Amino acid sequence: MSTVGSEEGTDVDDGTATEGRSATARDGSDDADDREGSMRGGVQEGAGDGPDEHDGDDESPEEAERLTVRDVLDTDRWVGAPAVTLLFAGLAIVVDRQAGLLLAGAVGVVFAAYAYGSGTPAPTLAVERRLSDETPGPGDDVRVTVTVRNEGEATLPDLRLVDGVPPALAVGEGSPRHATALRPGKRATFSYVVPAVRGRHEWESMQVIVRNAPGTREVDATVDSAEPTTLRCSPDLDATGDLPLRGLTTQYTGRIATDVGGPGLEFHSTRDYRHGDPLNRVDWNRMARTGELATLDFREERAATVVLLVDAREEAYVAPEPGAENAVERSVEAAGRSFSALLGGGDRVGLAALGPDELWLAPGAGNDHRARARDLLASHPALSPTPPDGRFFPSLRLRRLRRQLPSDAQLIVFSPLVDDYVASVARRLDAYGHLVTVVSPDPTAGGTPGELLARIERRSRISRLRRAGLRVVDWGDEPLATAVAGAAGRWSG
Amino acid sequence: MSGTSAVANDGDERTNGHDGDRKLAAGEGATGSADDADDTETHQRGVDRSPATFSASLSLLAGLFSVLGSGLGVLTAAAPGFAGLLVLAAGLYRGSRRAVTGGGVVLLGGVVFAGVGGGPPAGLLLGALGALLAWDYGENAITMGEQLGRAADTRRAELFHAAASLGVGVVGSGVVYGIYLGASGGQPVTALVFLLLAVVLLAGVLSE
């Protein structure tokens, strides 16, 4: 099913043609000079008379709509009509006084009068938008139902509507456009489906084109709904795939086996007994064999502080093909999953973005922290599903990031690695002592020679990073966990 | 590096694709009515911008009536009429305003042909009315297609427009024909021409 165009009032009474003409005649009375006023009249009014017109469903009382006229223009339709008349009339004289031709030409006058006699429509509209689900999960279909009501006194003979779908959302089913004719007080409803995309999406004003019946005058306006329509779509932070961390840890107990001997599970070494060592770590077997006291050391398991750094520069908004998920989307998804997994493992996790908008969530733990991260990943402007507008200052951002990073933090960088910048940032941060793991969603395609070249460049960039001692997960189409498992097999220590 | 930009471009396109949808959702209202449809069309992928089917078929129907009207008395006048119908159909198929207007003009040419050949006044009236309505519906179909696309439900607005034009045309021609019948008492055609001219000018002045 696509758009539903049901109008209450389609069924009722009188002929449309006469209705249309009487309406335009009425319009004609408030002509040019009056126009501005009547437009502005459309800006509010109708605040009081809204509710009683509803046929008893659960809507809240509509408030004053906001209609802004952007342009009023002549479409120059029917300008040729008088010419047709004159042509026929002239011919009628030339060709032996044919009255029939003259008669045919008179039709031109009829339409010319129709065109001249119709004034500019003065729309007063109320728009209401309803979402089937305001907080869907990513990929869920959300049905948007739009109701437009003619709040004015006159019939709007030709009303063309284009809904202001948020930039990041693509309409899946149905159409966000609609055309109708509305008598005073009547409503038109249409609906369409958008698959939800991560983020906070606000609907923009609806574009409205109102024409008079002959189509000679056109009012181009925008209407806002009484309440802003917002769709919030948060990614679910399900923890898949343990991302093995590197050896840089804090002094707190966690799950990363370190090279430090002490209490723990995995055998590390034995050493001479020192006074005060706990009894349960004394090597009793050895004591029985040789009579010497020795102490077992285990690999200490500690927690790490991890900062997830998402590459959200304009360059990172790349996808293998139009319509595919872009690399930033995939990065954010991976960051969300890692965040959850790491937090679950007892590590302290923070968030940062490399992009024009600053995003910094200091490493932390706990449910509050998880909720805050989820919120940031869902709707922070730095991670928006569409490329940022602002300028990005690389060195400034890097300097600030270094100041913010706790000294014992390791980094997981999420970047498609389509240029050298992030690779160099990763190497520099690694050199500063923040051990770096790079998770790189692969945005390259293999069709054209240019795409192949980009793919090869990216691969060589990855191998350069690996040579420099950084861990890189090259994440293709497979699930992240698979990619991590594949890459982790090669890692040591 | 050029390779990198190739990827980057791909991504850009993708985001533009998204963006484009917004632009077409948001921006086209402003441009749609004018003739810069070609301009908008290139940017907007994914939306079928061909003329609205309902108005287009009404346009062809009106064109057919026009041919009928011109061919009523003078059968040969149906030939240019049919040519006009073909041009009209081509224009509607391709979404070309110029072709639709051309088709309307050729249809009117058929009416002139019939008039010169001495066709009956009622037939000529029907021919002219049909030609003007064919152009009106056709142009409306194109505008509707450009502004909203074929996927949108535009039926009601098209119907209203068509009915309004038809009503005006039929009532107007009826009045004209009535005057003709009542006053066909041998007034010189030239006088009637000047009368018509006066009406046109008056209408023009009143509209200012």
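Structural data are supplied above this passage.
Residues numbered from 1 in each chain as written. Chains lettered and ligands numbered in written order. Predicted model: local features only at pLDDT ≥ 70, side-chain atom pairs only at ≥ 80, totals over all residues. Heavy atoms only, no water.

Peer 1: So what's going on with the environment of Val197 of chain A? Residues and values would help.
Peer 2: All names here are of chain A. With respect to the helices, strands and loops of the structure, Val197 is situated in the loop between strand E8 (187-195) and strand E9 (199-202). In sequence terms Val197 and Pro235 are 38 residues apart; their C-alpha atoms lie 8.9 Å from each other. Those residues in contact with Val197 that sit more than four places away from it in its chain are Ala168, Leu169, Cys233, Glu329 and Pro385. (Helix = DSSP H or I, 4+ residues; strand = E, 2+ residues; numbered from the N terminus. Contact = heavy atoms within 4.5 Å.)

Peer 1: Which residues make up the pattern of salt bridges, and what values go with them?
Peer 2: Per the stated rule, a full pass over the model turns up 26 salt bridges over all chains. The salt bridge partner of Glu173 of chain A is Arg143 of chain A, with a shortest N-O separation of 3.2 Å. In this pair, Glu173 of chain A sits in strand E6 (residues 173-174) while Arg143 of chain A sits in strand E4 (residues 141-150), placing the two residues 30 residues apart along the sequence. A relative accessible area of 35% places Glu173 of chain A in the partly exposed class. On the accessibility criterion, Arg143 of chain A (26% relative accessible area) is partly exposed. Here Arg313 of chain A ties to Asp311 of chain A by a salt bridge, and the two come within 2.9 Å at their closest N and O atoms. For Arg313 of chain A, a relative accessible area of 3% translates into the label buried. Among the charged side chains, a salt-bridge network with shared partners connects Arg77 of chain A together with Arg97, Asp136, Glu139 and Glu146 of chain B. (Salt bridge = Lys/Arg side-chain N within 4 Å of Asp/Glu carboxyl O. Buried < 20%, exposed > 50% of the residue type's maximum accessible area, 1.4 Å probe, protein only.)

Peer 1: Lay out the pairing of strand E18 (residues 409-414) of chain A with the relevant residues and their values.
Peer 2: All names here are of chain A. Burial within E18 is extensive, with 6 of its 6 residues counted as buried. One ladder, built from 6 bridges, connects strand E15 (residues 305-311) with E18; its direction is parallel. Bridge pairing links Val307 to Leu411 in E18. Both E18 and strand E19 (residues 436-441) contribute to a ladder of 4 bridges, which runs parallel. From the neighbouring strand, Leu411 faces E19, where its bridge partner is Val436. With helix H9 (residues 420-431) bridging E18 and its parallel neighbour E19, the resulting β-α-β unit is right-handed. (Pairing = 2+ DSSP bridges. Right-handed = clockwise from strand over helix to strand, strands pointing away.)

Peer 1: Could you give me a rundown of helix H7 (residues 121-148) of chain B, with the residues and numbers involved?
Peer 2: Side chains three or four residues apart in an α-helix point the same way, a direct result of the helix having 3.6 residues per turn. All names here are of chain B. In a regular helix each residue adds 1.5 Å, so 28 residues correspond to 40 Å; H7 covers 40 Å between its end C-alpha atoms and thus fits that length. Of all 28 residues that make up H7, 25 are buried, and the element is covered over most of its length. Gly149 sits one or two residues past H7 and shows a positive phi near 85°. (Expected span 1.5 Å × (residues − 1).)

Peer 1: Pulling in residues and values, what's your account of the sheet that holds strand E10 (residues 204-211) of chain A?
Peer 2: Across the sheet, which stays open at both edges, the 5 strands sit in the order E2-E11-E10-E5-E7 (chain A) with antiparallel pairing between neighbours. Each edge of the open sheet carries a strand with a single partner, namely strand E2 (66-74) and strand E7 (177-182) of chain A. Taking each pair of neighbouring strands and ignoring which way they run, the sheet shows an average axis angle of 20°. On top of the sheet, H7 of chain B reaches strand E5 (156-164), E7, E10 and strand E11 (217-224) of chain A; it is set at about 25° to E5 of chain A, its chief contact. Of the strands in this sheet, E5 and E7 of chain A touch helix H8 (residues 155-182) of chain B, which is tilted by about 40° from E7 of chain A. (Axes fitted to C-alpha atoms, helices over the stretch in contact; angles between N-to-C directions.)

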